[in-house]
Amino acid sequence: MYSHSSMVLQMYPPVKPLSSLANIANKAILEVVLDPPVGAETSLNLGNLSLMASSDALHRLAPTFLSKLVDTFQPDYIVGSVHHVHDVSIDSSTVYFQQAIEAAGGLDALYCDYFDLQYELITSFKPAVVGHMDLIRFLDDDYRQRMQNPDIWSRIERNLSVVKDLDLILDFNLKALAKGQAEPYIARPILTRAREMGIAVVPGDDVHRITDVDCFWDQGIQILGEVGLITDWRRPA
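In short, a report on the structure. (Residues numbered from 1 in each chain as written. Predicted model: local features only at pLDDT ≥ 70, side-chain atom pairs only at ≥ 80, totals over all residues. Heavy atoms only, no water.)

1. Description of the overall build of the protein chain
- What the protein chain contains, in helices and strands, is nine helices and eight strands.
- Sequence-distant contacts in the protein chain: of pairs separated by 6 or more residues, those separated by 24 or more amount to 76%.
- For the protein chain, the accessible area works out to roughly 12100 Å², and carbon and sulfur atoms hold 51% of it. (Helix = DSSP H or I, 4+ residues; strand = E, 2+ residues; numbered from the N terminus. Contact = heavy atoms within 4.5 Å. Areas by Shrake-Rupley, 256 points an atom, 1.4 Å probe, with all protein chains shown as cover.)

Structure, rendered in structure tokens:
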């Protein structure tokens, strides 16, 4: 078992042209201060968070743009996640979430579109870590029941299967607890299925500021133990 601390510089604006994102990336400076100093017992990895959006332009240009980011900053690994569906944020406000629902033609349809887009992200970019797989549930109080919809659950199963086939890691994201959610991302039914499939699951606190570091770890580790997942976590690569 090892101590794994990571901080990710996240660029999370509304969907913008790739040229604008490139300008942001070119000016990005990441400064990490550790106390105690980095030593034999501490591992620090620099990761790049790739956010998938659904516009045709991003679909066409994102692979080249991501390759340039990787070449420029040389991160140790990539975290892939979906925050926009139909070019609308799904986790920033109820107003935007309702817009996304309307664009999809209903909440169940939005879930299906979300997991389809996630599948495209996974198969296209093969990120070492799939971030908060069920983020779509954030503003849905009935997410447990909704996931039982066969059209939705079949997509979850499909995405888990490709995660397994590609030997990727699922992010067990504790930030959900800090936002008032009843459980981390991923929800217990998905977490249990991941264990049954032998998928690696690694917890993280998704820090955006220093005060977020080391929050809810005891609760998260307890949940992993209840599901039967090991705590000798795999390093992303």
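2. What about helix α8 (residues 188–197)?
- For α8, every residue scored as buried is listed here: Ile190, Leu191, Ala194 and Met197. Here the buried residues of α8 occupy an arc of 125° about the axis, which is enough to place them on one side.
- Check the buried side of α8 and you find it contacts α6 (150–165), β7 (169–173), β8 (200–204) and α9 (217–227).
- Two residues or fewer past α8, glycine 198 is found with a positive phi of approximately 75°. (Buried < 20%, exposed > 50% of the residue type's maximum accessible area, 1.4 Å probe, protein only. Arc of directions from axis to C-beta.)

3. Quick look at the pattern of salt bridges
- Going through the model one piece at a time under the given rule, you end up with 10 salt bridges.
- Of the charged contacts in the structure, one is a salt bridge between arginine 137 and aspartate 134, with a shortest N-O distance of 3.0 Å. The pair formed by arginine 137 and aspartate 134 is uniform in burial state, with each residue classed as buried.
- Put simply, Asp108, Asp140 and Arg146 are held in one network by salt bridges that share partners. (Salt bridge = Lys/Arg side-chain N within 4 Å of Asp/Glu carboxyl O.)

4. Details of the side chain of glutamine 181
- Structurally, the position occupied by glutamine 181 is in the loop between α7 (175–178) and α8.
- The exposure class assigned to glutamine 181 is buried, which follows from its relative accessible area of 15%.
- At 3.2 Å, the side chain of glutamine 181 forms a polar contact with the side chain of arginine 137.
- With residues near it in sequence (within four places) discarded, glutamine 181 still touches Arg137, Phe138 and Ala176. (Polar contact = N/O pair within 3.5 Å; in protein donor to acceptor, adjacent residues only side chain to side chain.)

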